[in-house]
Amino acid sequence: ALVYIDNYDEVLDTVEEVKKSLLVALVDRKVTKFFASIDGLVKKTENDKYFVVFQHKYLEKMEEEKFSLLEDVKSIKVGNEMSVTLSMGIGYVGNDYTKNYEYSRMAIDLALGRGGDQVVVKARVKALALREIMITRDKFFVMGHKIADIDSFGAAIGIYCAARQLGKKAQIVIDEVNTTLRPLKECFTPENGYPDDMFIPSQLALDEIDSHTALIVVDTNRPSYTECPNLLNRAKAIVVFDHHRQCEDVVKNAVLSYTEPYASSTCEMIAEVLQYFDEDIKLSTQEADAIYAGILIDTNNFVSKTGVRTFEAAAYLRRCGAEVTRVRKMLRNDMDAYKARAEAVRHAEVFHNMFAISVCPADNIESPTVACAQAANELLNIIGIRASFVLDLYQRAVD
């Protein structure tokens, strides 16, 4: 592992000259004590950098404790107002120390590229873990969240490709397909070489799941948000891939959980995993398009939440045949949805000069939830708006 102090110079500038050595000593002590508790070896290579070696068996414990060293170091106070932050890059899947060092360098670069104050365990680790799980199972159900969006759909397609590479059967559990998602889903038909049962409703999945079937959840880590929460109770093996922060309500007993809040999207995470899953894995253009679309939507056309890894994932998908123009055409709105979104923005009211609220007319719109989300996103592009709220109201016929 490599441990770097993110803001070494900035913190020292805020400390009195006589206290600088004390601050450095306290950080050194925290780092050394943390790794000594797991029989680790720490070597300070520069004023703000540490080289660490520890046994693999302790990594799981560190992950469970969410790498408490980061928060522990932030608690150091010697009169300075600025907290010390650390980044850590870990690599351990190489066949020798040189490879592991290379992976740790790649991991620390990713951590720093995303703003620091975080730990990155190279995605190759998760890819190999997923591969091992897939080898031991016969069939897989892939499930996103309710009212599936493009990120959850693209991530599910990526998992489908991984299973196919191993000659395993994977089916995507989805009940509702909105207007935004439909053009993408229509690319995966028997005419294009995909099985008739590639997509199945949740009730059928409940009927068919058995002890040899693993359930892979993407783009959510909350049981109540999934397409079919009952599937979680039936599955003997569960895997989770998600880019949202965890809360108290999380999927329990997952054999593999890869939750990365710093990632732009679940599709970004899956694109990384696919690169390390198998050197010979091939994606069709429609598969690459679907995963690329998930990144495109969740980053608002690469404007928000992007980092070094986001563009690396996009570059990989582009090499696989993803076409930006083709994806954008598939994501176009119809006229009614566009007008509804424009009306919501036009009639928005602003409170305290920072909160926008509006109602999106839902008449003649197949997917009002999508139109609301798009309108809310548009409102955030207005100067001064810090939060937006858009509601959809529609009439239901009552006998």
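Before reading further, recall that the structure is shown in the block above.
These figures come from a predicted structure and were not determined experimentally.

### A few points about the overall build of the chain
(1) Moving on: Of regular secondary structure, the chain possesses 16 helices and 14 strands.
(2) Moving on: Relative to the 2.2 N^0.38 estimate, which gives 21 Å for 399 residues, the radius of gyration of the chain is 24 Å and therefore close to what a compact globule would have.
(3) Moving on: By its C-alpha atoms, the chain is 80 × 55 × 40 Å across when sized along the principal axes.
(4) Moving on: Burial analysis of the chain (399 residues in total) assigns 49% to the buried set.
(5) Moving on: Considering only residue pairs separated by 6 or more positions, the chain has 70% of its internal contacts joining residues 24 or more positions apart.
(6) Moving on: Accessible surface computed for the chain: about 20,300 Å², of which carbon and sulfur atoms make up 49%.
(7) Moving on: Between the averaged position of the 47 positive side-chain charges in the chain and that of its 59 negative side-chain charges there is a distance of 3 Å.

### Quick notes on the sheet that holds strand β13 (residues 355–361)
(1) Moving on: In spatial order, the strands read β12-β13-β14; together these 3 strands make up an open sheet with mixed pairing. This sheet does not close on itself; its edge strands, each paired only once, are β12 (349–351) and β14 (387–393). On average, adjacent strands in this sheet sit at an angle of 25° to one another, irrespective of strand direction.
(2) Moving on: Sheet topology note: the β13/β14 ladder contains 7 bridges and is parallel. Bridge pairing links Ser358 to Val390 in β14.
(3) Moving on: Packing of helix α15 (residues 335–346) onto the sheet brings it into contact with β13 and β14, and relative to β13 it is tilted by some 145°.
(4) Moving on: Contacts from helix α16 (residues 368–379) reach β13 and β14, with the element oriented near 155° to β14.

### Digging into the nonpolar core
(1) Moving on: With 62 residues, the main nonpolar core has Leu130, Met134, Ile157, Ile159, Ile216, Phe241 and Leu317 as its most contacted residues.
(2) Moving on: Residue contributions to this core peak at 10 residues, all from helix α7 (residues 150–165).
(3) Moving on: Contacts of Ile216, omitting those with residues within four sequence positions, involve Leu130, Met134, Phe140, Phe141, Val142, Met143, Ile159, Val239 and Phe241.
(4) Moving on: One finds Ala1, Phe34, Ile76 and Leu86 within the second-largest nonpolar core, a separate group that totals 32 residues.

### Notes on helix α12 (residues 285–298)
(1) Moving on: Across its 14 residues, α12 extends 20 Å between first and last C-alpha, which sits within 8% of the 20 Å expected from 1.5 Å per residue.
(2) Moving on: With respect to burial, α12 is a largely interior element, 12 of its 14 residues being buried.
(3) Moving on: Each element contacted by the buried residues of α12 is listed here: α7, α8 (182–185), α11 (266–277), α13 (308–319) and α14 (324–330).
(4) Moving on: Asn300, located one to two residues past α12, shows a positive phi value of around 55°.

Rules and cut-offs
- Residues numbered from 1 in each chain as written.
- Predicted model: local features only at pLDDT ≥ 70, side-chain atom pairs only at ≥ 80, totals over all residues.
- Heavy atoms only, no water.
- Helix = DSSP H or I, 4+ residues; strand = E, 2+ residues; numbered from the N terminus.
- Rg over C-alpha atoms; globule rule 2.2 N^0.38 Å.
- Buried < 20%, exposed > 50% of the residue type's maximum accessible area, 1.4 Å probe, protein only.
- Contact = heavy atoms within 4.5 Å.
- Areas by Shrake-Rupley, 256 points an atom, 1.4 Å probe, with all protein chains shown as cover.
- Lys, Arg positive; Asp, Glu negative; His and termini not counted.
- Charge placed at Lys NZ, Arg CZ, Asp CG, Glu CD.
- Pairing = 2+ DSSP bridges.
- Axes fitted to C-alpha atoms, helices over the stretch in contact; angles between N-to-C directions.
- Core = buried A, V, L, I, M, F, W, Y, C linked by side-chain atoms within 4.5 Å.
- Expected span 1.5 Å × (residues − 1).

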